[in-house]
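Descriptive analysis of the structure
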Amino acid sequence: MNKNTFHCPLCGWTPAPFMPEIGEMPDHCPNCLEGRHDQREDGVECGGILKPISIIVEKDDSWTLVQRCSLCGELRQTRVLPEDNPVMLLSVAAKPLANPPFPLERLEQMQKLAGVRGSMEGYYHEEEK
Ligand SMILES: [Zn+2]
Ligand SMILES: [Zn+2]
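- As annotated in an unreviewed UniProt entry, the chain carries the name RNHCP domain-containing protein and comes from Eubacterium pyruvativorans.

In structure tokens form, the structure reads like this:
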């Protein structure tokens, strides 16, 4: 395949002519941020679809995309490319906030406790004594 004609088999996206040329063949689609899981870490062929699940903020504030394979569940990290769809990146980064792994009532309880002392810091000091 020509490395400059990227075509996403998952969402059908091809870069518009006005977009900067994609220098290297990306391992994920800059539009849907998904990719094909060719091979697992143990060398077994997979063929699942890598779905974007989260963002890691690196030491230099650059972003790394975390993907999970829909088939085998393996996690993979991939460098965020300048061509990547910023709307998709933000929605991936916001995903855990939209669906927290704890009941939201707990958050309200903690806020009430913190309210007694005026701040969370006061709350923790009370615990240490
Ligand atoms: Zn795509
Ligand atoms: Zn897989």
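Having put the structure on the table, let's press on.
**Comments concerning the overall build of the chain**
- Each helix and strand counted, the chain has 3 helices and 4 strands in total.
- Walking the chain from its N terminus toward its C terminus, one meets helices and strands in the order β-β-β-β-α-α-α.
- Looking at the chain as a whole, 26% of its 129 residues qualify as buried.
- Residue pairs at least 24 apart in sequence account for 35% of intrachain contacts in the chain once pairs closer than 6 positions are excluded.

**Looking at the sheet that holds strand β1 (residues 35-39)**
- Strand order in this open sheet of 4 strands is β1-β2-β3-β4, and the pairing throughout is antiparallel. The sheet terminates laterally at β1 and β4 (75-79), the two strands that pair on one side only. For this sheet, the mean angle separating the axes of adjacent strands, direction not counted, is 40 degrees.
- Pairing between strand β3 (residues 63-69) and β4: 5 bridges, direction antiparallel. Counterpart to Leu 65 in the pairing with β4 is Thr 78.
- Its contacts with the sheet put helix α1 (residues 86-98) on β2 (45-57) and β3, and the angle it makes with β2 is roughly 80 degrees.

**Concerning the coordination of the zinc ion (ligand 2)**
- Here the zinc ion (ligand 2) is held by His 37 (ND1), Cys 46 (SG), Cys 69 (SG) and Cys 72 (SG), and the distances to it run 2.0 to 2.4 Å.
- Sequence spacing of the donor residues for the zinc ion (ligand 2), all on one chain, is H-x8-C-x22-C-x2-C. Judged on exposure class, the residue His 37 and its partner Cys 46 are both buried.

**Details of the pairing of β3**
- In terms of residue burial, β3 counts as a mostly covered element, since 5 of its 7 residues are buried.
- Across 7 bridges, the pairing between β2 and β3 is antiparallel. Within β3, the residue paired with Leu 50 across the bridge is Cys 69.
- Linking β2 back to β3 in an antiparallel pair, the connection comprises 5 residues, with Asp 61 at a positive phi of about 70 degrees.
- Counting the residues in the hairpin turn of β3 and β4 gives 5 residues, including Gly 73, whose phi is positive at 80 degrees.

**Focus on the nonpolar core**
- Grouped together as the largest cluster of nonpolar side chains are 6 residues: Leu 33, Ile 55, Leu 65, Val 80, Leu 89 and Val 92.
- Apart from the residues within four sequence positions on either side, Leu 89 is in contact with Leu 33, Ile 55, Trp 63, Leu 65, Val 80 and Asp 84.
- Core analysis: the next-biggest nonpolar cluster, separate from the first, contains 5 residues, Phe 6, Cys 8, Trp 13 and Cys 32 among them.

So, how was this worked out
Residues numbered from 1 in each chain as written. Chains lettered and ligands numbered in written order. Predicted model: local features only at pLDDT ≥ 70, side-chain atom pairs only at ≥ 80, totals over all residues. Heavy atoms only, no water. Helix = DSSP H or I, 4+ residues; strand = E, 2+ residues; numbered from the N terminus. Buried < 20%, exposed > 50% of the residue type's maximum accessible area, 1.4 Å probe, protein only. Contact = heavy atoms within 4.5 Å. Pairing = 2+ DSSP bridges. Axes fitted to C-alpha atoms, helices over the stretch in contact; angles between N-to-C directions. Donors = N, O, S within 2.8 Å, 3.2 Å for Na, K, Ca; no water. Core = buried A, V, L, I, M, F, W, Y, C linked by side-chain atoms within 4.5 Å.

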